Amino acid sequence: MSIDARTDSAPPQPIFAPIVNSAAEWRAEMERLSTPGRPSFFHIRARLPKQGRTNQVLGASRHMNVVLKTYASGGENEIHAHSNEDHVFIVLQGGATFF
């Protein structure tokens, strides 16, 4: 986890993973996090968008990446498939319907 370094007595504040807005930003963040010999630590923390959705790359390695997707109320993800990837869904707030 990234933590804001402080010298005063205030507790450290977690830093949210950056939101990636394009495939190029997504790949760059996965590359940065998958440095050999350097572990990735993360917390599942997100600010919920007022509309649309966001993608945050939380961790990555040569064989796996962890991406947090957040959806605004009523948001949806188009029906699609990834034949070469597994997915895990964790509903942190509200509910979800999967088809």
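The preceding data block contains the structure.
Attention in this report is confined to the structure presented alongside it. Values in this document were obtained by computation on a predicted structure and should not be read as measured data. (Residues numbered from 1 in each chain as written. Predicted model: local features only at pLDDT ≥ 70, side-chain atom pairs only at ≥ 80, totals over all residues. Heavy atoms only, no water.)

**Considerations on the overall build of the protein**
Part 1: Looking only at helices and strands, the protein has one helix and two strands in total.
Part 2: From first element to last, N terminus to C terminus, the protein shows the α and β order α-β-β.
Part 3: Taking all 99 residues of the protein together, 16% fall into the buried category.
Part 4: Considering only intrachain contacts with a sequence separation of at least 6, the fraction spanning at least 24 residues in the protein is 43%. (Helix = DSSP H or I, 4+ residues; strand = E, 2+ residues; numbered from the N terminus. Buried < 20%, exposed > 50% of the residue type's maximum accessible area, 1.4 Å probe, protein only. Contact = heavy atoms within 4.5 Å.)

**Observations concerning the pairing of strand β2 (residues 65-71)**
Part 1: Of the strand pairs in this sheet, strand β1 (residues 53-60) and β2 are connected by seven bridges, and their pairing is antiparallel. Note that in β2 the partner of Gln-56 across the bridge is Leu-68.
Part 2: Where β1 hands over to β2, the hairpin turn is made up of four residues, counted between the paired strands. (Pairing = 2+ DSSP bridges.)

**Here we look at the nonpolar core**
A general trend in soluble globular proteins is that nonpolar side chains are found buried together.
Part 1: Listed in full, the five residues of the largest apolar core are Val-20, Met-30, Leu-33, Val-57 and Ala-60.
Part 2: Within the residue set of this core, elements represented by two or more residues are α1 (23-33) and β1.
Part 3: Those residues within four positions of Val-20 in sequence are excluded, and the remaining contacts are Glu-25, Trp-26, Glu-29, Asn-55 and Val-57. (Core = buried A, V, L, I, M, F, W, Y, C linked by side-chain atoms within 4.5 Å.)

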